[in-house]
Amino acid sequence: LHGIPRAAVMRYAAEAQMEVEERSFTLAEAQAADEAFVTSASAFVMPVVEIDGVALGTGKPGRVAMRLREIYLDESRKAAL
């Protein structure tokens, strides 16, 4: 969904020189992903480790999702000061 957290994460990813691709995908493609995350006003950047009982990657939060979460939280703290 388009929203403030999503827009911020897209900007932070670009600033961190992460390649971002937005497109439609199938459930099978999502389940085959190395990692995934969702964004929201209450969860910020939340890693997804399983979709419909299928573990993504190692079944643990991925490196990219965790880095984006860290950047998002750091930037949010800076803005709050």
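Along each chain, residues carry numbers from 1 onward, in the same order as the chain's sequence is written. Selection of residues for local features in this predicted model requires a pLDDT of at least 70, selection of side-chain atom pairs for listing and counting requires 80 or more, and totals for whole chains, interfaces and linings are taken over all residues. The side-chain figures draw on all heavy atoms in the structure; neither hydrogens nor water molecules are used.

Participant: Pulling in residues and values, what's your account of helix α3 (residues 63-80)?
Facilitator: Numbering of helices and strands starts at the N terminus; helices are DSSP runs of H or I of at least 4 residues and strands are runs of E of at least 2. A helix is expected to span 1.5 Å multiplied by its residue count minus one. The end-to-end C-alpha separation of α3 is 26 Å, in line with the 26 Å expected for 18 residues at 1.5 Å each. Working definition: with a 1.4 Å probe on protein chains only, accessible area under 20% of the residue-type maximum means buried, over 50% means exposed, and in between means partly exposed. Listing the buried residues of α3 in full gives Ala65, Leu68, Ile71 and Tyr72. The buried residues of α3 occupy an angular sector of 125° when the element is viewed end-on, so they sit on one face. For α3, the exposed residues set more than 90 degrees away from the buried face come down to Arg63, Arg77 and Lys78. Contact criterion: two residues are considered in contact whenever any of their non-hydrogen atoms come within 4.5 Å of each other. In this fold, the buried residues of α3 make contact with α1 (4-15), β1 (36-40) and β2 (44-48). The arc in question is the one spanned by the directions pointing from the helix axis to the C-beta atoms.

Participant: A description of the packing of aromatic side chains should follow, citing residues and the corresponding values.
Facilitator: Any two of the Phe, Tyr and Trp rings considered here, Trp counted by its six-membered ring, make a pair once their centres fall within 6.5 Å; the pair's planes then place it as stacked at under 30 degrees, edge-to-face at over 60, or tilted in between. In this structure the tally under the stated criterion is two aromatic pairs. Between Tyr12 and Tyr72, the aromatic rings sit 6.1 Å apart at their centres with planes inclined by 70°, giving edge-to-face as the arrangement. In this pair, Tyr12 sits in helix α1 while Tyr72 sits in helix α3, placing the two residues 60 residues apart along the sequence. Looking at Tyr12, the relative accessible area reads 10%, which means it is buried. A network of ring pairs unites the aromatic residues Tyr12, Phe44 and Tyr72 as a single cluster.

Participant: Pulling in residues and values, what's your account of the environment of Arg63?
Facilitator: Locating Arg63 in the fold gives a position in helix α3. The class of Arg63 is exposed, set by a relative accessible area of 70%. It is 8.3 Å that separates the C-alpha atoms of Arg63 and Glu35, two residues lying 28 residues apart in sequence.

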